[in-house]
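# Secondary and tertiary structure notes
Residues per chain, in single letters:
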Amino acid sequence: MEDKQELTLEKYSFQVKKRNRARGAVLLDTSEGPRLMREYDRIRGHFEFENEVRERLAECGMTLTDRVVHNIEGNPVTEWESGEKFVVYQWYYGDACDYRSCEGLQKAARNLGQLHRQLSGMSEKAIPIEEDLSMRYERRNRELKRVHRFMKEKKRKNEFELYALSCFDGFYQKAVKAAAYLQKSVYWQQHGKETRDVCHGEYNYHNLIFTKQGVATTNFEHAHYGIQLMDLAYFMRKVMEKNDWQREKGMAVLEGYASEVSLGTQEREFLWIILSYPVKFWKLMSQYMNGKKSWISDKNMEKLVSAREKEEAKDKFLGQTPNDYWS
């Protein structure tokens, strides 16, 4: 495999000075600056769309992305007869996003707002959104009820099941409440069926590099047409869980994003709905139902206890209604 990597690098104009392993890829220090090389079993049809998104951003002045570097033959992918496929990306020297820093979070959120502005209206015609969010919530809530019924009917319950049952009602009521609010959301009614806007799809601190030139955004593998506020909700949930839902961290994210994209009453309400849904609890219950029930790892028990503790902190930040957390 290393031979194929070497042969692949010979097809590029740069000279490699140093290389390091980096999250399933190879980070290259080259004569033309940092590059990242990844090997793929197959190149999905989505690859072309990812590149369209990056090019759209570059045309709008957002050049700090992991754009594909073409080889000397002008191809974005170097493929060998034996099946190996390699792609080289533009990369950056810099620091990881510090999710504990209000300043860093504000910059990251502002960058997301800029990205959303440039990817707004990318399609000339409205594109149907693949999954109806209300149907997703309804499906998850049915799954929760099924797990609850299964646990209650078990004659011998383990520690995990007993603890889950003790806190189930609280989590389930929040899930039902979020689904009910979504049905009444004007923003969702207007934006939940079709869109012309593109989302990053996995905007989190792992995919950001703070360079001297600005914030570099990477990993567009999950880019898609959808509700852009879902990106903000996803980023906010990730950083707030890391920060135990500290209010100043949440406000830094909201203020950073709002400096680029207006957040009116309808947008704030939609964000509240997405953040209020107990995703962590649902994931743990889903893993339990689909996994081996005769033995529950201590790690899963720790996650369940943590989910309950973090939910209490989240409640303090969000409040009981969509208007509470913004005031």
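Attention here is on the structure that accompanies the text. (Residues numbered from 1 in each chain as written. Predicted model: local features only at pLDDT ≥ 70, side-chain atom pairs only at ≥ 80, totals over all residues. Heavy atoms only, no water.)

## What to know about unusual backbone geometry
Stated precisely, the cut-off is as follows: Segments assigned H or I by DSSP are reported as helices when at least four residues long, segments assigned E as strands when at least two residues long, and all are numbered from the N terminus.
For Asn 219, which is not glycine, the phi dihedral falls at a positive 60 degrees. Along the chain, the position of Asn 219 falls in the loop between strand 12 (215-217) and strand 13 (224-225). Not every positive phi belongs to a glycine, and Trp 245 is a case in point at roughly 60 degrees. The residue Trp 245 is located in the loop between helix 7 (229-242) and helix 8 (247-258) in this model.

## Description of the side chain of Asp 132
Basically, it comes down to this: Distance and chemistry together define a polar contact, namely a pair of N or O atoms within 3.5 Å, with one atom able to donate a hydrogen and the other to accept it when in protein, and with adjacent residues in sequence counting only for side-chain atoms on both sides. Throughout, a residue-residue contact means that at least one pair of heavy atoms, one from each residue, lies within 4.5 Å.
Mapped onto the secondary structure, Asp 132 falls in the loop between strand 8 (127-128) and helix 4 (133-153). Within polar-contact distance, the side chain of Asp 132 engages the side chain of Ser 134 at 2.5 Å. Among residues more than four places away in sequence, those in contact with Asp 132 are Trp 188 and Lys 193.

## With respect to a positive patch on the surface
Keep this limit in mind: Excluding any residue in a salt bridge, patches collect residues exceeding 30% relative accessible area, merging like charges within 9 Å and nonpolar Val, Leu, Ile, Met, Phe, Trp and Tyr side chains within 5 Å. Working definition of accessibility: Shrake-Rupley area with a 1.4 Å probe, residue cover restricted to the visible protein chains. When a carboxyl oxygen of Asp or Glu is within 4 Å of a side-chain nitrogen of Lys or Arg, the pair counts as a salt bridge. By the counting rule applied here, Lys and Arg register as positive and Asp and Glu as negative, while His and the ends of each chain are not counted. Lysine's charge is taken at NZ, arginine's at CZ, aspartate's at CG and glutamate's at CD.
On the surface, a cluster of positive charge is contributed by Arg 100, Lys 242, Lys 280, Lys 283, Lys 299 and Lys 303. Of all the secondary-structure elements, those providing two or more residues to the positive patch are helix 10 (279-290) and helix 11 (298-318). Mapped onto the fold, Arg 100 is located in the loop between strand 7 (95-96) and helix 3 (102-119).

## Some details on the pattern of salt bridges
For the structure shown, the criterion picks out 20 salt bridges. Residue Glu 6 pairs with Arg 19 through a salt bridge whose shortest N-O separation is 2.6 Å. With Glu 6 in helix 1 (residues 2-9) and Arg 19 in strand 1 (residues 16-21), this pair connects stretches of sequence that are 13 residues apart. Residues Glu 260 and Arg 117 are paired through a salt bridge, measuring 2.7 Å at the closest nitrogen-oxygen approach.

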